[in-house]
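Residues per chain are reported as follows:
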Amino acid sequence: MNYIRLDKFIADNSGLSRSQVKDAVKNGLVKSNGIITKQTDLKINPDSDIIELDGKNITYRKNRYILLNKPAGYVCSTSDPVSPTVLDLLPPELSKKVFPAGRLDKDSEGMVLLTNDGELAHRILTPEKHVPKFYIVKLAEEFKIQYIDLFANGMSLSNGEVCLPARVFPLENDDLWAIVELREGKFHQVKRMFATAGNEVEYLFRFCIGNLQIPEKLAIGDFMELMHKDVERLLQPPDYDDILRNLYVYFSSYLINK
Ligand code: URA
């Protein structure tokens, strides 16, 4: 059985800081199984004990899911000898709990999921599950219509690796921007696919995983905690019309000057 301290349980599941929790306990606002407790280090069983704060039950959030809109310059790793990591963008009480589920390159931006749910991370990342990921890229040279078939036919990369069929199409009224949908995540895959096609990716932004998109209000560098219904969207089939519509909105708000 996993017992944890009462003050830690409340801080982790309420959004209050440890010192706010201590005050609440001292002031008699916390009940454990219906009885007021003033013992902050009381060991509780989060699966079965009922903890109330100011008359409201605290729900145990075993798994945490953070959606980060990653800025360039951060690596998707839990530690790095030279560069800041995506965990440095989270407050310490969250960054200690989660790891990045999947990678974006240091110079890439956009959606990164951070979680402590290893099973969900595996489901999103394993190519067998075919969870789609949508990227918007800026190319060095103008988009060529031949890319569509090249990507769709399962491209062979320069080292012999073969990609699953992927979708690519240009952004309306723009020669340099394109949208890519992949159902796997090889190292530098989008950049390598365009390199194989004779072009170069100058900028890459991940907009969507499954059917979960970056909300317009989430600016680059910001993060939000996902609730259950959002987490479910990660595994739902994409709503293409909605994704495209919002991608254009996001593009005109944040990406147009990249
Ligand atoms: N493909 C890339 O080349 N880079 C990324 O960051 C993500 C996908």
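The structure this text deals with has already been given above.
Presented here is an overview of the structure given in this document. (Residues numbered from 1 in each chain as written. Predicted model: local features only at pLDDT ≥ 70, side-chain atom pairs only at ≥ 80, totals over all residues. Heavy atoms only, no water.)

## Structural notes on the site of the ligand
Every residue near the ligand is listed here: Leu104, Asp105, Ser108, Tyr135, His188, Gln189, Val190, Lys191 and Leu204. Within the backbone of histidine 188, a nitrogen or oxygen atom sits 3.2 Å from an oxygen atom of the ligand. Between the ligand and valine 190 there is a distance of 3.1 Å, counted from a nitrogen atom to a backbone nitrogen or oxygen. Protein chains bury 95% of the 240 Å² of accessible surface belonging to the ligand in isolation. Among the elements that line the shell around the ligand, the one with the most residues is helix α6 (residues 189-196), at three residues. (Near = heavy atom within 4 Å. Polar contact = N/O pair within 3.5 Å; in protein donor to acceptor, adjacent residues only side chain to side chain. Areas by Shrake-Rupley, 256 points an atom, 1.4 Å probe, with all protein chains shown as cover. Helix = DSSP H or I, 4+ residues; strand = E, 2+ residues; numbered from the N terminus.)

## Notes on the pattern of salt bridges
In total, this model carries 18 salt bridges according to the counting rule given. For lysine 62, the salt bridge is made with aspartate 47, and the minimal N-O distance between the two is 3.8 Å. Of the two residues, lysine 62 is situated in the loop between β6 (56-57) and β7 (65-70) and aspartate 47 in the loop between β4 (43-44) and β5 (51-53); the sequence distance between them amounts to 15 residues. Accessibility assignment for this pair places lysine 62 and aspartate 47 in one class, exposed. One salt bridge in this structure joins lysine 186 and glutamate 184, with 3.2 Å as the shortest N-O distance. The network of salt bridges with common partners includes Glu161, Glu184, Lys186 and Arg192. (Salt bridge = Lys/Arg side-chain N within 4 Å of Asp/Glu carboxyl O. Buried < 20%, exposed > 50% of the residue type's maximum accessible area, 1.4 Å probe, protein only.)

## Notes on a negative patch on the surface
A contiguous patch of negative charge, built from Glu141, Glu142, Asp175, Glu200 and Glu202, is present on the exposed surface. In this fold, glutamate 142 is placed in the loop between β10 (133-139) and α5 (146-152). Note on glutamate 142: relative accessible area 48%, which makes it partly exposed. (Patch = residues over 30% accessible without salt bridge, like charges linked within 9 Å, V, L, I, M, F, W, Y side chains within 5 Å. Lys, Arg positive; Asp, Glu negative; His and termini not counted. Charge placed at Lys NZ, Arg CZ, Asp CG, Glu CD.)

## Overview of the environment of aspartate 174
Mapping aspartate 174 onto the fold places it in the loop between β11 (167-170) and β12 (177-182). Linking aspartate 174 and lysine 138, residues 36 residues apart in sequence, is a C-alpha distance of 9.9 Å. At 2.9 Å, the side chain of aspartate 174 forms a polar contact with the backbone nitrogen of leucine 176.

## Comments concerning the packing of helix α1 (residues 6-14) against helix α2 (residues 18-26)
Viewed as axis vectors pointing N to C, α1 and α2 meet at an angle of 120°, and their least axial separation amounts to 9 Å. As summarised for this structure, α1 and α2 are arranged oblique, according to the angle between their axes. Between α1 and α2 lies a crossing of right-handed hand. Mapping the contact onto sequence places Leu6, Asp7, Lys8, Ile10 and Ala11 in α1 and Arg18, Val21, Lys22 and Val25 in α2. In the contact of α1 with α2, the residues fall into five nonpolar, no polar and four charged. (Axes fitted to C-alpha atoms, helices over the stretch in contact; angles between N-to-C directions. Parallel < 35°, antiparallel > 145°, perpendicular 65-115°, else oblique. Left-handed = near helix turned anticlockwise from the far one by under 90°. Contact = heavy atoms within 4.5 Å. Nonpolar A, V, L, I, M, F, W, Y, C, P; charged D, E, K, R; others polar.)

## As for the nonpolar core
Grouped together as the largest cluster of nonpolar side chains are 32 residues, with contacts concentrated most on Leu114, Val137, Phe151, Val180, Val190 and Phe194. Counting residues per element, the ones that place at least two in this core are β7, β9 (109-115), β10, α5, β12, α6 and β13 (201-209). Within the second largest apolar cluster, 30 residues are counted, among which are Tyr65, Ala101, Ile136 and Leu255. (Core = buried A, V, L, I, M, F, W, Y, C linked by side-chain atoms within 4.5 Å.)

## Focus: the sheet that holds strand β2 (residues 30-32)
Within a sheet, neighbouring strands are paired by backbone hydrogen bonds and run either parallel or antiparallel to one another. The strand order β3-β2-β5-β6 describes an open sheet built from four strands, whose pairing is antiparallel. A strand with exactly one partner marks an edge of an open sheet, and here the two such strands are β3 (35-36) and β6. Relative to β6, β5 runs antiparallel, the two being bridged by two bridges. For leucine 53, the partnering residue across the bridge sits in β6 and is lysine 56. Where α1 meets the sheet, its contacts fall on β2 and β5, and the angle it forms with β5 comes to roughly 65°. (Pairing = 2+ DSSP bridges.)

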